[in-house]
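Here is how the chains run, residue by residue.
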Amino acid sequence: MATRRVRYPIAVVGAGALGRLFAAGLARVGPVVLVARDAQRAAALAQGYTWVTLEGARRVRPPVAHPGALPEADWVVLVVKGPDTAAAARLAGRMRPKGVLSLQNGLVEATLRRALPGLHAAQGVTTEGAYREGERVVWAGRGETLVPPGFEPIAQALAQAGFRARVEPSIHEARLKKLLVNLVINPLTALARVENGRVAEPPLDALARRLIAEALPVLRGEGLELTPREAEALVFGVARDTARNRSSMLQDVLAGRPTELETLTGAFVALAERRGLEVPTHRAVYALLQAWEQARGLGDDA
Ligand SMILES: NC(=O)c1ccc[n+]([C@@H]2O[C@H](COP(=O)([O-])OP(=O)(O)OC[C@H]3O[C@@H](n4cnc5c(N)ncnc54)[C@H](OP(=O)(O)O)[C@@H]3O)[C@@H](O)[C@H]2O)c1
């Protein structure tokens, strides 16, 4: 007789910076399971980890699982990096969930749909800021998490756990705004090896304006109603508000890790192509970063 698997209300797939942050908070208010990439990583995490907030550090020990010992879950929050999306989504599907919510950056919905046919899967937006320092996770900046309609239980659980989270009816627009910001700040900071604030200053601001101008017609075709002035205010506002931060793409480049280039600029360039629109500056930064990844054996072609 088959043994019945444990079923959790929420599972978090991807035990990195965001995954550890959300799991630590959610574990304070209800059952949650954190799913690691493999048994070895799960065993290390099962010892617990340190969650550093502005109020101080605390030790947390949410239940941990891995692909070889997978519980079921009503809802899955997916927080892996772009290149790992398909594999992690398939793993999420094995948990027999009602829905899978990605809080990743970039454009991943098409990958989710391919990996999870027939399942309720969508992408939200989070501006939480977290990074890892060894086994510790540091909650570096309090942000907001917007989830699509249909994922109310996840928004409620996150809000109960103390995160700013809500259902956003215009989630598509929120996603496109975040995409615009990431399309400009991530590649420029990664290529120039500078913190976010430098994108709003000469000489990078001119290149940023060019990327914004090329992106707008494509994003407008997807439904984003922003004037060039509003788009620049958005991107430069985020760059200034996070002036001392290192973007995730810069951190990946500095650490010699694969970046989220394909789900970000790569997916955007493909979108522009489908719409018959020219985005030469995006193509240029794409080629430069692709070349960097390939030279290090990190890219898709490696
Ligand atoms: N960190 C932030 O502040 C922040 C803010 C907003 C949005 N985001 C977005 O959120 C996503 C996650 O970012 P992050 O900073 O949390 O990344 P991260 O620290 O690299 O964490 C990703 C985690 O996913 C794990 N993973 C990869 N493939 C997996 C699989 N098949 N099954 C289970 N786990 C798997 C990785 O395992 P290994 O450790 O073994 O590689 C890693 O622990 C990205 O799209 C990022 O752009 C991040």
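Everything numeric in this text was worked out from a predicted model, so none of it was measured.

Thresholds applied
Residues numbered from 1 in each chain as written. Predicted model: local features only at pLDDT ≥ 70, side-chain atom pairs only at ≥ 80, totals over all residues. Heavy atoms only, no water. Pairing = 2+ DSSP bridges. Helix = DSSP H or I, 4+ residues; strand = E, 2+ residues; numbered from the N terminus. Axes fitted to C-alpha atoms, helices over the stretch in contact; angles between N-to-C directions. UniProt positions renumbered as here; feature names shortened; annotations may be inferred. Phe/Tyr/Trp six-rings, centres within 6.5 Å; stacked < 30°, edge-to-face > 60°. Buried < 20%, exposed > 50% of the residue type's maximum accessible area, 1.4 Å probe, protein only. Near = heavy atom within 4 Å. Polar contact = N/O pair within 3.5 Å; in protein donor to acceptor, adjacent residues only side chain to side chain. Areas by Shrake-Rupley, 256 points an atom, 1.4 Å probe, with all protein chains shown as cover. Nonpolar A, V, L, I, M, F, W, Y, C, P; charged D, E, K, R; others polar. Arc of directions from axis to C-beta. Contact = heavy atoms within 4.5 Å. Core = buried A, V, L, I, M, F, W, Y, C linked by side-chain atoms within 4.5 Å.

(A) Just the sheet that holds strand β11 (residues 136-141), in detail. As summarised here, the arrangement of the four strands in space is β4-β3-β11-β10, forming an open sheet in which the pairing is mixed. The open sheet terminates on both sides in strands that have one partner only, identified here as β4 (56-60) and β10 (129-133). Neighbour to neighbour, the strand axes of the sheet diverge by 25° on average, direction disregarded. When strand β3 (residues 49-53) meets β4, the two strands line up antiparallel, connected through five bridges. The residue bridging Trp51 from the neighbouring strand is Arg58, located in β4.

(B) Quick peek at the UniProt feature "domain: Ketopantoate reductase N-terminal" (unreviewed entry) in the chain. UniProt records the feature "domain: Ketopantoate reductase N-terminal" (unreviewed entry) for residues 10-148 in the present numbering. Counted over residues 10-148, helix gives 25% and strand 37%. Its end C-alpha atoms are 16 Å apart.

(C) Structural view of the packing of aromatic side chains. Applying the stated criterion to the full structure yields four aromatic pairs. Relative to Phe151, the ring of Trp75 lies with its centre 5.7 Å away and its plane at 65°, an arrangement referred to as edge-to-face. Within this pair, whereas Trp75 is found in strand β6 (residues 72-78), its partner Phe151 is found in the loop between β12 (145-147) and α5 (152-160), the two being separated by 76 residues in sequence. The two residues Trp75 and Phe151 agree in class, both being buried. A ring pair is formed by Trp139 and Phe163, whose centres lie 5.2 Å apart and whose planes are at 55°; its orientation type is tilted. Linking Trp139 in strand β11 with Phe163 in the loop between α5 and β13 (165-167), this pair joins segments that are 24 residues apart in sequence. In this pair, the class of Trp139 matches that of Phe163, namely buried.

(D) Structural view of the site of the ligand. Taken together, 25 residues form the shell around the ligand, and within it Leu18, Arg41, Asn105, Ala130 and Glu260 come nearest. Within the backbone of Leu18, an N or O atom sits 2.9 Å from an oxygen atom of the ligand. Isolated, the ligand exposes 890 Å² of accessible area, and the fraction of that covered by the protein chains is 85%. Counting only elements with at least two residues in the shell around the ligand, the list comes to α1 (17-27), α3 (85-93) and β10. Examining the composition of the shell around the ligand, we find that three residues originate from one element, β10, more than from any other. Considering only residue class, the shell around the ligand consists of 12 nonpolar, six polar and seven charged.

(E) α5, seen in detail. Three or more residues of α5 are buried, namely Ile154, Ala155, Ala157 and Leu158. Looking straight down α5, one finds its buried side chains confined to an arc of 165°; they lie on one side. In α5, those exposed residues whose orientation departs by more than 90 degrees from the buried face are Gln156 and Gln160. Structurally, α5 contributes buried residues whose contacts are with β1 (7-13), α1, β6, β7 (99-102), β12 and β13.

(F) Inspection of the nonpolar core at higher detail. Core analysis: the largest hydrophobic core is formed by 36 residues, its most contacted members being Leu180, Val184, Val199, Leu219, Val235 and Phe268. When contributions to this core are tallied by element, the ones reaching two or more residues are α6 (171-192), α7 (204-222), α8 (228-241), α9 (248-255), α10 (262-274) and α11 (280-295). By residue number, the principal contributor to this core is α6, which donates nine residues. Discounting residues that sit within four places of it in the chain, Phe268 has contacts with Leu107, Leu183, Glu214, Ala215, Val218, Leu219, Val279 and His282.

(G) Region of interest: the environment of Glu225. In this fold, Glu225 is placed in the loop between α7 and α8. Taking C-alpha positions, Glu225 is 9.7 Å from Lys177, a pair spaced 48 residues apart along the chain.

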